[in-house]
Amino acid sequence: MAGGTGDVRKLFIFTTTQNYFGLVSESWDQPLLYNSPEINNFLDDGNQMLLRVQRSDVGISFSNVIDFADTKDKVLVFFKLRPEVITDQNLHKNILVSSMLESPINSLYQAVRQVFAPMLLKDQEWSRNLDPKLQNLLSELEAGLGIVLRRSDTNLSKLKFKEDDTRGILTPSDEFQFWIEQAHRGSKQISKERASYFKELFETVAREFYNLDGLSLLEVVDLVETTRDVVDDVWRQTEHDHYPESRMLHLLDIIGGSFGRFVQKKLGTLNLWEDPYYLVKENMKAGISICEQWVIACSHLTGQVWQRYVPHPWKNEKYFPETLDKLGKRLEEVLALRTIREKLLYFSPATDEKIICLARVFEPFTGLNPVQYNPYTEPLWKAAVSQYEKIIAPVEQKIAGKLKNYISEIQDSPQQLLQAFLKYKELVKRPTISKELMLERETLLARLMDSVKDFRLDFENRCRGIPGDASGPLSGKNLSEVVNNIVWVRQLEMKADDTIKIAEALLSDLSGFRSFHRSAEDLLDQFKLYEQEQFDDWSRDIQSGLSDSQSGLCIEANSHIMELDPNDGSLKVHYSDRLVILQREVRQLSALGFVIPAKIQQVANIAQKFCKQAIILKQVAHFYNSIDQQMIQSQRPMMLQSALAFEQIIKNSKAGSGGKSQITWNNPKELEGYIQKLQNAAERLATENRRLRKWHITFCEKVVVLMNIDLLRQQQRWKDGLQELRTGLASVEAQCPLTWQSKWEGPEDPLQYLRGLVARALAIQNWVERAENQTLLADTLDLSELFHPDTFLNALRQETARAVVCSVDSLKFVASWKGRLQEAKLQIKISGLLLEGCSFDGNRLSENQHDSPSVSSVLPCFMGWIPQGAYGPYSSDECISLPVYTSAERDHVVINIDIPCGGSQDQWIQCGAALFLKNQ
């Protein structure tokens, strides 16, 4: 079919081309192209299925084939559904139009991802009629194209990895998937390890971003903070090659885009003008927080933290997510408009005129979606805001006086005055109301001046003191002095900065504002100078300590790891606790935005590198230095060989096959092997000690059994028990010294055992007599005289419950070394308790000294049951609950007792502290 200038078919092609490429009619010779053979072939030849349109420097060109070079420029493609001649009737039924940008892979991937996969896989009608195998193939095609796109460089003839190519990274999930793929498909092992490292770092937030639409606004507020920490960790890692700066810039951008689209989608489900105010306010504040926090995070990281990070400095300008920032400001404006209306409703009289006026204030925004910010909607938005202000102007005039009267009533109270201005700040910002409140705003400015003076006075009184003292900076937990002082002054900075922001927002037009602003800014400068002085003093002290071998800050990679002290024989690890504190200080000061000097950072990095091994070695050293306290004194000779073998490993810390060089921190493989040898030797020594202690306790129990045998009636039982004791001694005879054996051999005559039996019988008889005379609870008791002391304590509990008329479950057991229990209805005084693992003087636990006995006696104390809600003699913070065992074997617990320890519970758990009853 021949076509002229009135050919509808050609008009369709030319109009589509002109719109797609943005051409004006004068910029291309349309009449000349009407007779293009390529166009005629496509329209008039049923066998010609395709027409390619491309724009270049020369102009518009048409072709019936697509070349590889076509992907360099934008390409528009017309193609037929059926091999037919195009007519006026089938023009819109047989021609499909497609565009191609960047590459055919990218175009196909985006078409599948954005159009066909959602339609064919998620739409119920189409997915029901599509074979599951084809659905899987479509999903695999989308995933495969994404992998190819993420791994391809600009030369599409070679599909290879190029980190700077981020064309296929459109969402944070694409970036996370990229490193997962690299971890499995990297060309080199070192590349796979690096990719795996990044993959593990990103896993912290990967699931949340994948299911971002399913999260709430408040959950994403938390996600922003977590994401900031993750990208900071990724940038600052030093285990592998650095993360590319261009890739990080792209990642920050697409994360901001994801947050912005999420906020728009969530807030788009609300009617921001008509839904309940509390609901709109809550959601808007969360959306504003998401935008603000990510903008602040990007600015802070790329503008300060990373630019100062010496191992991997940020070289470009500070990245500022402008679109997200403007979206946040739009949301703030929307919330302010809605808030103003609510405040006007509160102050205005309930008249029909007012209700009609305030009902119309949002009419100018009809047809506008306020959360859809872009340059095209901004003029429409500003015009609507202008109309809104005209509508509310009459109402503002009426309520200005009411707000003035309200504030005048409370202006004598500075705190209430400030709260009132903050509560109604949206109204106060309105020109009409601001002018009416001139006097009240002057009063507020005077109050803010007083606040700045108070901040200055508090700072000057405390800045030279010791943290925690009445005249020093307020102290926090787990903070060194320098970090504590900086955190304290930062808090003052925040208060002063908030004061400035309030004044700038509400009082900037007042005559005294400039004087206030200068004073407040001077105070902030003083705070910042104090900060820097604290940091500089710390830096000088640390750098001075680096040259002092006694400071504890010197750690040489090629130095010995540990040695025996020649004076007291204790094992010492050459890794001081000061290094642990230094690591924490460097980490905290870096987080506060300070640039750590290179020498200090290097020492902190070395300390961090060896920290794990040092902790293990310190545990081994503690075991070596305290093992003698865990041994029964009479058993020490039996463990001499094992102890000497352990000590020999410590002394012969040599590396290499020949054992010629000393093991140092700089030999990680030899160090790991040496630590393993030490741990094995320590475990063998501990196991042997436990085994011998168990035998010792077993022998004690067997003797107790013998002491409870009626020798007159059960002579055979006595002989059998004695034989069991001798058999047990024979099992450790090889290790058992003769002097130790002689102590356990015992006399052949059972008289000695009879004496023990009689002692127990007399003790029980004495208990019975005192119980009958009702004087049992008045005397000092020894629970070891009973066969079942736990039964006795339970009986005391039941008797106490009857006395105070409550259930036994509502009582708790307490003990006191301070004197009698004031809260206990019934109480007993107990003696005969023994303590193992530490010492107790009646006031608090203390560590055993080198020559202290492993087991010591405990002073008598008062015990009883009191109600759960009653206060005991000691607070829970200063106590540790220790079990009371029937014997040193620790196989049966009688009761648990709270003993004052000074607050460091973990220390006594580690040393194995426990109580038990003395043996009769």
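Everything quoted here is computed from the prediction, not taken from an experiment. (Residues numbered from 1 in each chain as written. Predicted model: local features only at pLDDT ≥ 70, side-chain atom pairs only at ≥ 80, totals over all residues. Heavy atoms only, no water.)

Colleague: So what about a nonpolar patch on the surface? Which residues, and what values?
Modeller: Side chains of Val-115, Phe-116 and Met-119 sit close together on the surface and give an oily, nonpolar patch of about 260 Å² of accessible area. With respect to the element layout, Met-119 can be found in helix α5 (residues 104–122). (Patch = residues over 30% accessible without salt bridge, like charges linked within 9 Å, V, L, I, M, F, W, Y side chains within 5 Å. Areas by Shrake-Rupley, 256 points an atom, 1.4 Å probe, with all protein chains shown as cover. Salt bridge = Lys/Arg side-chain N within 4 Å of Asp/Glu carboxyl O. Helix = DSSP H or I, 4+ residues; strand = E, 2+ residues; numbered from the N terminus.)

Colleague: Talk me through the confidence of the model for the protein chain; I want residue IDs and the actual numbers.
Modeller: For the protein chain, per-residue confidence averages 80 on the pLDDT scale, and residues scoring 70 or more make up 86% of the total. Across residues 153–161, confidence stays below pLDDT 50; counting only partners more than four residues off in sequence or on other chains, it has 19 contacts. (pLDDT = per-residue confidence, 0-100. Contact = heavy atoms within 4.5 Å.)

Colleague: Tell me what's going on with the packing of helix α10 (residues 217–236) against helix α11 (residues 245–267), and back it up with residues and numbers.
Modeller: Geometry of a packed helix pair, given as the angle between the helix axes and the separation of the axes. Running from amino to carboxyl end, α10 crosses α11 at an angle of 180°, the nearest separation of the two axes being 12 Å. Our classification of the angle between α10 and α11 gives roughly antiparallel. Facing α10, whose interface residues are Leu-217, Val-220, Leu-223, Val-224, Thr-227, Val-231, Val-234 and Trp-235, α11 presents Glu-245, Met-248, Leu-251, Leu-252, Ile-255, Phe-259, Phe-262, Lys-266 and Leu-267. Across the contact of α10 with α11, the residue classes tally to 14 nonpolar, one polar and two charged. (Axes fitted to C-alpha atoms, helices over the stretch in contact; angles between N-to-C directions. Parallel < 35°, antiparallel > 145°, perpendicular 65-115°, else oblique. Nonpolar A, V, L, I, M, F, W, Y, C, P; charged D, E, K, R; others polar.)

Colleague: Got a sec to walk through the environment of Ser-216? Specific residues and values, please.
Modeller: In this structure, Ser-216 sits in the loop between α9 (189–210) and α10. With 46 residues separating them in the primary sequence, Ser-216 and Phe-262 have C-alpha atoms 9.6 Å apart.

Colleague: I'd love a proper account of the state of the cysteines, names of residues and values included.
Modeller: Within the structure shown, the criterion is met by zero disulfides. The cysteine Cys-901 is free of any disulfide, with Cys-879 supplying the nearest cysteine sulfur at 6.5 Å. The class of Cys-901 is buried, set by a relative accessible area of 0%. (Disulfide = S-S within 2.5 Å. Buried < 20%, exposed > 50% of the residue type's maximum accessible area, 1.4 Å probe, protein only.)

Colleague: An account of the side chain of Glu-245 is needed here, citing residue identities and associated values.
Modeller: You can see Glu-245 is positioned in helix α11. Although Glu-245 is buried, it makes no salt bridge; Lys-315 carries the closest opposite charge, 6.1 Å away. Non-local contacts of Glu-245, meaning those with residues more than four positions away in its chain, are made with Trp-235, Pro-313, Trp-314, Lys-315 and Asn-316. (Lys, Arg positive; Asp, Glu negative; His and termini not counted.)

Colleague: Describe in detail the sheet that holds strand β4 (residues 95–100), supporting the description with residues and values.
Modeller: Spatially, the four strands line up as an open sheet ordered β2-β1-β3-β4, and their pairing is antiparallel. The two strands at the open ends of the sheet, each matched to only one other strand, are β2 (60–63) and β4. Along the sheet, successive strands turn relative to each other by an average axial angle of 20°, direction set aside. Judged from the four bridges that link them, strand β1 (residues 50–55) and β2 form a sheet pairing that is antiparallel. In the sheet register, Arg-55 faces β2, and the bridge partner there is Ile-60. Along the sheet, helix α1 (residues 8–21) contacts β1, β2, β3 (75–80) and β4; its crossing angle with β3, the most-contacted strand, is approximately 150°. Across the face of the sheet, helix α3 (residues 37–44) comes into contact with β1, β2, β3 and β4 while running at roughly 150° to β1. (Pairing = 2+ DSSP bridges.)

Colleague: Can you tell me about a positive patch on the surface, naming the residues and giving the values?
Modeller: A surface patch of positive charge is lined by Lys-281, Lys-285, Lys-425 and Lys-429. For Lys-285, a relative accessible area of 47% puts it in the partly exposed group. (Charge placed at Lys NZ, Arg CZ, Asp CG, Glu CD.)

Colleague: Explain empty space enclosed by the protein to me, and be specific about the residues and the numbers.
Modeller: Enumeration according to the criterion identifies one cavity of 30 Å³ or more in this entry. Considering only enclosed or pocket space, the largest cavity measures out at about 130 Å³ in volume. As for the largest cavity, its lining consists of Arg-236, Val-305, Arg-308, Tyr-309, Val-310, Pro-311, Ser-590, Gly-593, Phe-594, Val-595, Ile-596 and Gln-601. Within the lining of the largest cavity, the residues separate by chemical class into seven nonpolar, three polar and two charged. (1 Å grid on protein atoms, 1.4 Å probe; cavity = no way out; pocket = protein on both sides within 12 Å on 5 of 7 lines; lining within 4 Å. Points joined across faces, edges and corners; volume = space filled by probe spheres on them.)

Colleague: Can you tell me about the pairing of strand β17 (residues 879–885), naming the residues and giving the values?
Modeller: Judged by how many residues are buried, β17 sits mostly within the fold: six of seven residues are covered. Here β17 runs beside strand β18 (residues 893–900); their pairing, made up of seven bridges, is antiparallel. Looking across to β18, one finds that Cys-879 is bridged to Pro-900. The pairing of β17 with strand β19 (residues 914–917) spans two bridges and is parallel. Each residue of the ladder has a partner; that of Val-884, found in β19, is Leu-915.

Colleague: Help me get a handle on the packing of helix α8 (residues 172–185) against α11, residues and values and all.
Modeller: At their nearest, the axes of α8 and α11 sit 8 Å apart, and the two run at 140° to each other. Classed by the angle they form, the pair α8 and α11 counts as oblique. Where α8 approaches α11, its residues Pro-172, Glu-175, Phe-178 and Trp-179 are matched on the opposing element by Arg-247, Leu-251, Ile-254, Ile-255 and Ser-258. Classifying every residue of the contact of α8 with α11 by side-chain character gives six nonpolar, one polar and two charged.

Colleague: Please provide a residue-by-residue account of unusual backbone geometry, values included.
Modeller: Note: most peptide bonds trans; most residues except glycine with negative phi. In this structure, Gln-774 is a non-glycine residue whose phi angle is positive, near 60°. Along the chain, Gln-774 turns up in the loop between α28 (751–772) and β9 (780–782). A residue is classified by how much of its surface remains accessible, and Gln-774, at 75% relative accessible area, is exposed. Not every positive phi belongs to a glycine, and Val-805 is a case in point at roughly 60°. Its location among the elements puts Val-805 in the loop between α29 (789–804) and β10 (811–816).

Colleague: Hey, could you go over the environment of Ile-407 for me, with residue numbers and the actual values?
Modeller: Here Ile-407 is to be found in helix α15 (residues 378–410). A C-alpha to C-alpha distance of 9.8 Å links Ile-407 and Leu-418, two positions 11 residues apart in sequence. Setting aside residues no more than four positions away along its own chain, Ile-407 makes contact with Leu-417, Phe-421, Leu-437 and Glu-440.

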